[in-house]
Amino acid sequence: MDDMTKKAVWKGICALLALVLVMALAATGILLLWPSGNNGSSGLKRAEAVLQAVQPKAAEMQTRSQIQIAGAELPEDTEDEIAADRDYIIPDSSRKVLEDADVEGMSAKELNYARNEIFARHGRKFESKELRDYFESKSWYKGKYSAEEFDKKSSSVLNSTEKKNVEFLEKAEKALEPGGYELDQQAPG
């Protein structure tokens with residue numbers, strides 16, 4: 001083949017590739033922008049909704065139990081830790097200073113339980129039947145100290161992160177219900 005023929009062949013191949021690329025881009029644009037069904041919403045809006053739906057919430061991003069690696073088996077002790085994490089309201093409240101995003105959408109009751117969960121991890125027993133019943137249903141809970149014993153020890157037992165989180169959770173709870181969530185109230189009926 002002479003040089004002119006080779007150049008013509010290469011120009012033809014380049015033109016064909018450019019045409020395929022333009023067609024692929026056009027097809028993608030049509031699929032994204034074309035209205036679907038009778039509701040008139042565009043594919044772009046659907047795509048945005050799907051992206052928004054799959055974005056994890058802040059709390060979900062923190063939960064190790066939701067991390068799965070395809071084909072990987074977790075060691076047995078890690079599986080036990082993950083199972084225990086599922087049993088907590090806020091699994092990392094002893095390791096991470098909490099922020100508003102961590103408790104967004106929680107009720108005053110959940111905030112109260114989360115605050116008491118910090119104490120329960122260290123073996124505090126509860127006088128409240130509601131809290132006692134709740135924590136005794138948890139596999140990780142081992143009540144060791146009466147409320148009075150724990151209150152005397154709490155400043156040396158709780159780490160600085162836990163102390164900050166206790167204050168934060170109490171403020172958040174009282175912001176939702178002045179005076180805080182009232183324990184041991186019987187539901188009507």
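Just above sits the structure.
The shown structure was predicted, so the numbers you read here are calculated from the model rather than taken from an experiment.

Reading guide: rules and limits
- Residues numbered from 1 in each chain as written.
- Predicted model: local features only at pLDDT ≥ 70, side-chain atom pairs only at ≥ 80, totals over all residues.
- Heavy atoms only, no water.
- Helix = DSSP H or I, 4+ residues; strand = E, 2+ residues; numbered from the N terminus.
- Buried < 20%, exposed > 50% of the residue type's maximum accessible area, 1.4 Å probe, protein only.
- Contact = heavy atoms within 4.5 Å.
- Areas by Shrake-Rupley, 256 points an atom, 1.4 Å probe, with all protein chains shown as cover.
- Core = buried A, V, L, I, M, F, W, Y, C linked by side-chain atoms within 4.5 Å.
- Expected span 1.5 Å × (residues − 1).
- Polar contact = N/O pair within 3.5 Å; in protein donor to acceptor, adjacent residues only side chain to side chain.

(A) Inspection of the overall build of the protein chain at higher detail. Of regular secondary structure, the protein chain possesses nine helices and zero strands. In the protein chain, which comprises 189 residues, the proportion classed as buried is 29%. Residue pairs at least 24 apart in sequence account for 53% of intrachain contacts in the protein chain once pairs closer than 6 positions are excluded. Accessible surface, the protein chain as shown: approximately 13500 Å² in total, 57% of it carbon and sulfur.

(B) View of the nonpolar core. Counting 25 residues, the largest nonpolar core has Ile90, Val103, Phe126, Phe135 and Leu169 as its most contacted members. Listed by contribution, the elements that provide at least two residues to this core are helix 6 (108–121), helix 7 (129–136) and helix 9 (160–176). A total of seven residues in this core trace back to one element, the largest contributor, which is helix 6. When neighbours within four sequence positions are excluded, Leu169 is seen to be in contact with Ile90, Leu98, Val103, Leu111, Ala114, Arg115 and Ile118.

(C) Region of the structure containing helix 9. For helix 9, built from 17 residues, the straight-helix expectation of 24 Å at 1.5 Å per residue is met to within 8% by its first-to-last C-alpha distance of 25 Å. Within helix 9 the residues assigned to the buried category are Thr161, Glu162, Asn165, Val166, Phe168, Leu169, Ala172 and Glu173. Structurally, helix 9 contributes buried residues whose contacts are with helix 5 (100–103), helix 6 and helix 8 (147–157). Looking at where helix 9 begins, the residue whose side-chain oxygen comes 2.9 Å from the main-chain nitrogen of Thr161 is Asn159.

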